[in-house]
Structures are given as structure tokens and as C-alpha cells.
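Overview (structure and organization)
Listed below are the residues making up each chain.
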Amino acid sequence: MSRLRIRNHGRIHAELQVQGSKNSSLPCLAAALLHPGITVLDGVPMIEDVFAAIEILRALGARVSVEGSRVIICAHDVSGTEIPACFMRKMRSSVIFLGALLSRMGEAQSVYPGGCALGSRPIDFHLEGFRRLGCEVVLSEEKIDVRSRGMSGALIRLPFSSVGATENLLLAAAGAQGMTVIENAAREPEIVELSRLLVRMGFDIRGAGTSCIAIRGKADTKDVCFSMSGDRIVAGTWLLCCMNAGGRICLDRVPVQWMYSTLEVFRQMGAVIQTEGRRVECRAPEKIRPVACLKTAPYPGFPTDMQSQLLPVLCRAEGDSCIRETVFASRFRVAAQLVRMGADITVSADQTFARIRGGSRLHGAEVSAPDLRGGAALVIAAMNAEGDTVIDDFYHIERGYERITDTIRILGGEACWIV
Ligand code: EPZ
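Structural notes, computed from the coordinates. Worth saying up front: this structure is predicted, and the values here are computed from it rather than measured.

1. What to know about the sheet that holds strand β19 (residues 345-347)
Here we have four strands laid out as an open sheet, ordered β17-β18-β20-β19, and mixed in their pairing. With one partner strand each, in any of the chains shown, β17 (294-295) and β19 form the two edges of the open sheet. Relative to strand β18 (residues 321-324), helix α10 (residues 307-314) is tilted by about 170 degrees, and along the sheet it contacts β17, β18, β19 and β20 (353-356).

Next up, the structure:
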């Protein structure tokens, strides 16, 4: 069942605790393979992508139990080296297990990763980095096979500060003899979180959060209990939902220190945002100011994962806005769905920027989620649309948003599954 009807009747007045970070939890679950003992992760979001990662761990021989938002992994008996195709095709971030398997087992096999269709999403940076560490990479029509007779530390320069490649190469380098330096590394908070876990496990890592990271491989690892931070993209999603529908929202467990560029844009749009520790209070503006030309960028720039969710809010702005997408080749697919709800959005032929005409109130429609964050944008639109909205392919959204129908109801909306 994957069609959800949403209806909302007015302004939001709610308090929410933000779920754990999806994009930190996934590499940290893979990192558990590096220790032949117990790794406990607290505050993990119970979402489809996490369930898939847990099944991959089990398929490789780890014992995994879940207690609420605590995931307990015993990786003592890991013996597998092949990531099951069904999970690789379903979720792109499964690719992160290649690096962890290389560290632990010295080899890894899988099919090519699937995931959101945000344009071509090759993994050439990952594979080239494995070669730099001394691995043999064999690619056939369907399969990736990476093997090493003992990896050695290397200097790896990434052509682009890829988040996944940085994470994958950190995990692989943890199993290499000697020092590895990754230049032009991604600076995202999720890299910092993964590095914190690896250091707690016993690895020597310097520079996480900067564009140059050094890791000394082959450590004696130990049991760890580690708490995940709140999800900065989910927090931003609910702030935008309040800005769009009006009212006031209070969020707890927000990683404010990693959201400055996001909160700055929301303030420029007129939101009154106050923060105290991990708590954020947002009062929606009566009038939403447009953004002249906003560019997405790798951290610490405005996150590409917040771009889709901005679109419905800017439809209500007092003027026209322009967003330029610089990270993915095609990440405006939800615009066509918002146009079905009455939005006036024009996407450039080369898919690099979108012009959003302001001043329109969206109406309910039958739409379908094109991907995870595009689906979140449709929920935001539906929470301020006139009439009912039915979102098909809702499973995309459940990959990243925990108990989202409960959240919609807490925000004052009606959410009902329809067949
Ligand atoms: C991670 O994806 C996130 N996913 C994405 O979040 C996020 O949008 C992205 O980083 C950028 O911040 C997870 O963490 C699970 P990239 P990833 O490698 O690692 C190109 C969400 O909504 N590239 O930084 O796949 C690539 O095509 C998801 O939660 C290569 O060309 O992103 C893209 O254009 C969506 N070759 C750009 O780099 C490579 O080998 C950035 O990709 C790798 C990447």
C-alpha cells in the first residue's frame, strides 16, 4: 500500500522530536563490520533504508537485534563478502558496504547500486579509490568484484567532494596498512559522525569535517556504544512545512551546529527562528520572501537534500525565486508534480536551475513521489493545499522519514492510506 491522502485544515502548532540521522546511520551500520565484536548504535531512525542495511549485515553473517531506536550488532561471525542484489538495487547507499567488506574480508562483490533517480550516479570515484589502495577491481556487465591481497595506505584525490566516496574510502582505508590521506574529501556532518564512531572503535583519524582527512589503518578495535545525532534534513523539512502552512513549530534533537546555511536561508525567507542547544523554535512568516538566486552546494553550502522541499514554499513567496542545483544532474523532477497542484515552476532544459513564480496557493491533486526528498516536498505542499492531495509511490518517503503519518497528524493534518 503506497498511496496516502493528505488534507490539512490550517496553521501548525506542534512540538516534535527529530529522528536520528539517516545519512549518518547508514555508514555507521556498515562500520560495525570493522569490529569482530559488539557495536551498539543508539537513536537510529526506524526507516526502510535502515531496515535494508540491517538485512545486509545479517546476510553477511552479523547478528543484529533492534530495541526501539537501539541497534545492536555482533559482527564476530561475519563470513560473507557479497552484498545481496535485492538490497543493492533498492538502496544506493548499500554501496558503502564495499569499503567495510574490503577492510574486514579483503574482498567484496555486488551488483551496481540503485537508489533515487537523481541523474546518473556512478561510483567511479569509489572504485578508483579502491585501486589506489591496492585493490583489483573487476567489472562485468552486472557485477562489481573488488579484491586485495592486503591494502596499503595511499594518497587519494577525489575529483569531486563526494559524500559516499569519502565514507567508502574511509571504511576501506581502515583496513589498509599505514596512512591514507583523502584530499578534496566531503566535509558533510555525516563524515564527522562516521569518523567519531571509527575513532571510538580504535582508529586514528584526523581532519574529518575538513577537505583533507588522514586515517591510519589496522587498529585493534573494541566494543562501542554510540549515539546518532538528529537528522538535519528531516529537521529542515518540518521547519519548511511550518513556514508553508503558517503557525509555530518547536523541534528537539536538532543538530543546529550543522544547519547554519539552512537556517540562514529560512530567516531570509522571513521565518523567525530561535535556537537554544538542540531546540529550534520557528514562527512562520505572514509573507514569505523569495530567494533571488539560491545555489545548492556541498557542505557547508545550502544542502541539495533541502532543495526539493523549498519549491512548494517558494510558490507562496511575494515574488519570483531561482534555485540552481550544482550537486546532482537532475534533481527537479518533483517540479512537474507541483505544477499539477497549481505551481508555476519552470526548469531549465539542462536541468540545472528552476524558476519559481510566487504568489500562488496550491490545490490538492493526484501526484506521485519521484524520489525521497521530492516526496517530502509533496507532503509540504499537501499540508497547505486547498483540498485533498493523494501521493502515490509513498514508499520513497518512508525510506527516510520515520513514522511520517504520525508526524503529519501531530502537525494537524489528516493522513489516510487509500488503495
Ligand atoms: C549522499 O549521496 C547522500 N546519501 C545524499 O542524500 C546526498 O544528496 C548526497 O550525499 C550529497 O550530499 C546518503 O548519504 C545515503 P555524492 P551520495 O557521492 O554519496 C557524483 C538523501 O536524500 N559522483 O556526494 O550518492 C554524483 O553523481 C540522499 O538522503 C560521481 O560522479 O552523493 C553526484 O552528482 C539523496 N562519481 C555528486 O557526485 C562517484 O563515484 C555527489 O554525489 C560518486 C559521486
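2. Things to note about the pairing of strand β22 (residues 389-392)
Pairing between strand β1 (residues 4-8) and β22: three bridges, direction antiparallel. By the bridge assignment, Leu4 is partnered in β22 with Ile391. Pairing between strand β21 (residues 366-368) and β22: three bridges, direction parallel. Bridging across to β22, Ser368 finds its partner in Asp392. The parallel pair β21 and β22 is bridged by helix α12 (residues 372-382), and the resulting crossover is right-handed.

3. Some details on the site of the ligand
The environment of the ligand is made up of 23 residues, and the closest members are Arg92, Asp124, Ser162, Asp305 and Val327. Within the backbone of Gly164, one N or O atom sits 2.8 Å away from an oxygen atom of the ligand. Burial of the ligand by the protein chains amounts to 89% of its free accessible area of 830 Å². Within the residue set of the shell around the ligand, elements represented by two or more residues are α1 (22-31), α5 (124-132), α6 (163-173) and α12. Residue contributions to the shell around the ligand peak at three residues, all from α5. Of the residues assigned to the shell around the ligand, the class counts are nine nonpolar, seven polar and seven charged.

4. Notes on the packing of aromatic side chains
Evaluated as defined, the whole model comprises two aromatic pairs. Judged by centre distance (5.4 Å) and plane angle (90 degrees), the rings of Phe394 and Trp417 are edge-to-face. Highlighted residues: Phe394 in the loop between β22 and α13 (395-398) and Trp417 in strand β23 (residues 413-417), separated in sequence by 23 residues. Taking relative accessible area as the criterion, Phe394 reaches 0% and is therefore assigned buried. Under the relative-accessibility criterion, Trp417 is labelled partly exposed at 26%.

5. Things to note about the packing of α10 against α12
The contact between α10 and α12 brings their axes to 7 Å, and the two run at 25 degrees. On the basis of their axis angle, the class for α10 and α12 is roughly parallel. The way α10 lies across α12 gives a crossing that is right-handed. Of α12, the residues touching α10 (which contributes Ser308, Gln309, Pro312 and Val313) are Arg373, Gly374, Ala376, Ala377, Ile380 and Ala381. Looking at side-chain class alone, the contact of α10 with α12 contains six nonpolar, three polar and one charged residues.

Calculation criteria
- Residues numbered from 1 in each chain as written.
- Predicted model: local features only at pLDDT ≥ 70, side-chain atom pairs only at ≥ 80, totals over all residues.
- Heavy atoms only, no water.
- Pairing = 2+ DSSP bridges.
- Helix = DSSP H or I, 4+ residues; strand = E, 2+ residues; numbered from the N terminus.
- Contact = heavy atoms within 4.5 Å.
- Axes fitted to C-alpha atoms, helices over the stretch in contact; angles between N-to-C directions.
- Right-handed = clockwise from strand over helix to strand, strands pointing away.
- Near = heavy atom within 4 Å.
- Polar contact = N/O pair within 3.5 Å; in protein donor to acceptor, adjacent residues only side chain to side chain.
- Areas by Shrake-Rupley, 256 points an atom, 1.4 Å probe, with all protein chains shown as cover.
- Nonpolar A, V, L, I, M, F, W, Y, C, P; charged D, E, K, R; others polar.
- Phe/Tyr/Trp six-rings, centres within 6.5 Å; stacked < 30°, edge-to-face > 60°.
- Buried < 20%, exposed > 50% of the residue type's maximum accessible area, 1.4 Å probe, protein only.
- Parallel < 35°, antiparallel > 145°, perpendicular 65-115°, else oblique.
- Left-handed = near helix turned anticlockwise from the far one by under 90°.

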